[in-house]
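# A look at the structure
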Amino acid sequence: MLGFFLQKMSKIKNNIKDIYNRLLKQSACNLDIKLLVVSKSQSVKNIEEAYDAGQRLFGENYLQEALEKIQQINKPKIEWHFIGPIQSNKCKLIAENFSWVQSIDRIKVASRINEYRESMPPINVCIQINISNELSKSGVQPHNLKAFINEMKSFRNLKLRGIMSIPSNTNNPDKLSEEFMELRKLYEEIKFSDPDIDTLSMGMSNDYLIAVKYGATLIRVGSGIFGSRELI
Ligand SMILES: *Cc1c(COP(=O)(O)O)cnc(C)c1O
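These lines cover the structure that appears in this document, whether it is placed above or below. Residue numbers restart at each chain and count upward from 1, following the sequence in its written direction. Where local features are concerned, this predicted model is filtered to residues with pLDDT of at least 70; where side-chain atom pairs are given and counted, the filter is 80 or more; whole-chain, interface and lining totals use all residues. Note that the side-chain values use all heavy atoms of the structure and ignore hydrogens as well as water.

### A short note on the packing of aromatic side chains
To keep things clear, this is the line we draw: In summary, the pairing rule links any two rings of Phe, Tyr or Trp, Trp by its six-membered ring, whose centres are within 6.5 Å, and it sorts them by plane angle into stacked for under 30 degrees, edge-to-face for over 60 and tilted for everything else. Numbering of helices and strands runs from the N terminus, with a helix taken as a DSSP run of H or I at least four residues long and a strand as a DSSP run of E at least two residues long. Note on classification: 1.4 Å probe, protein chains only; a residue is buried when its accessible area is under 20% of the maximum for its type, exposed when over 50%, partly exposed between these limits. Each ring is checked for a lysine NZ or an arginine CZ that lies within 6 Å of its centre and within 35 degrees of its normal; such an atom marks a charge sitting over the ring.
If you walk through the whole model with that rule in mind, you get two aromatic pairs. Between the aromatic rings of phenylalanine 82 and phenylalanine 98, the centroid separation amounts to 5.3 Å while the plane-to-plane angle is 85 degrees, which identifies the pairing as edge-to-face. Taken together, the residues span a long stretch of sequence, with phenylalanine 82 in strand E3 (residues 79–82) and phenylalanine 98 in the loop between helix H5 (91–97) and strand E4 (100–104) at a distance of 16 residues. You'll find phenylalanine 82 and phenylalanine 98 in the same group, each marked buried. Taking NZ or CZ as reference, arginine 56 lies 3.7 Å from the ring centre of tyrosine 51, over its face.

Here is the structure:
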C-alpha cells in the first residue's frame, strides 16, 4: 500500500527526470535547454511537486486560473510565463503578475503590457509566430516579424527575448521538422541584429525531441509531465 502511494507520488518527478535524460541523449550534452513546465489545468499540489523536483519555470494559459495559483504558490525563484491567447483587457494583470509573456502577437497588446509594466523591471517577451499558416492559429506571420519588432522598439518595459511557436497539429515528423527549421532560420535572423535575443521556444510533449534537434532553447511540456490534463 505504501509502495503504491510512493510510486504514485513520484510520477511527476520521474517524468521530469526522463525528459532530462532524453534531452541529454539527444542534444549531445547541451545543458542550456530550458524546460518550461506547462501547468494549465493542474492543481497547486501537482505544481508544487514539480517545484520540489527542482523545476522553476511554469507556463499558464488562462489568466484567472493562473492568478489563483500564483497567489497560492509563493515560492522562491519561481518564474511564471504567460503562454495563452491575450485579450486586451487582460494586459494589466499579465503585466503585473508574470515574468515572461510568450504569446505576444499584436502591437496593441504589446503596447498595453508595456504601459502597465511601467513601475517594474521589464517583462521578458517572445513574439508568437504562426508557422503553420493556419488561419485559426494566432501568431505573427514570418514575413511580418521584422516590421513587428521595429514597431516594438519604443516599448522600454518589454525585453524582447525571442520567438515562440506552436507547429501544425500533426504527427508527421517531416512536416514538423520543416516548420522547426523555418523557425530556427527566423530566430537566427533576428538574433543577428539583437544580441539580447536568446530564446527559441518550440517543442511540446509529442515533439520536443525534434524541436531540440532544430535548436530549441526552451521547450514547453505539459501532458508529458502530468499525464493528460486534470481539472483542479
Ligand atoms: C498546452 C500548451 C503546451 C503543452 O502542451 P503538451 O502537449 O501538454 O505538452 C505548450 N505550449 C502551449 C502554448 C500550450 O498551450
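So that's the structure; there's more coming.
### Observations concerning helix H7 (residues 145–152)
We count it as follows: Taking the helix axis as origin, the arc is that swept by the directions to the C-beta atoms. Any two residues whose heavy atoms approach within 4.5 Å at even a single point are treated as in contact.
Within H7, the full set of buried residues consists of Leu145, Phe148, Ile149 and Met152. For H7, the angular spread of buried residues about the axis comes to 100 degrees, placing them on one side. The exposed set on the far side of H7, more than 90 degrees from its buried face, consists of Lys146 and Asn150. Close packing links the buried residues of H7 with E4, helix H6 (107–116), strand E5 (123–129), strand E6 (158–165) and helix H8 (173–193).

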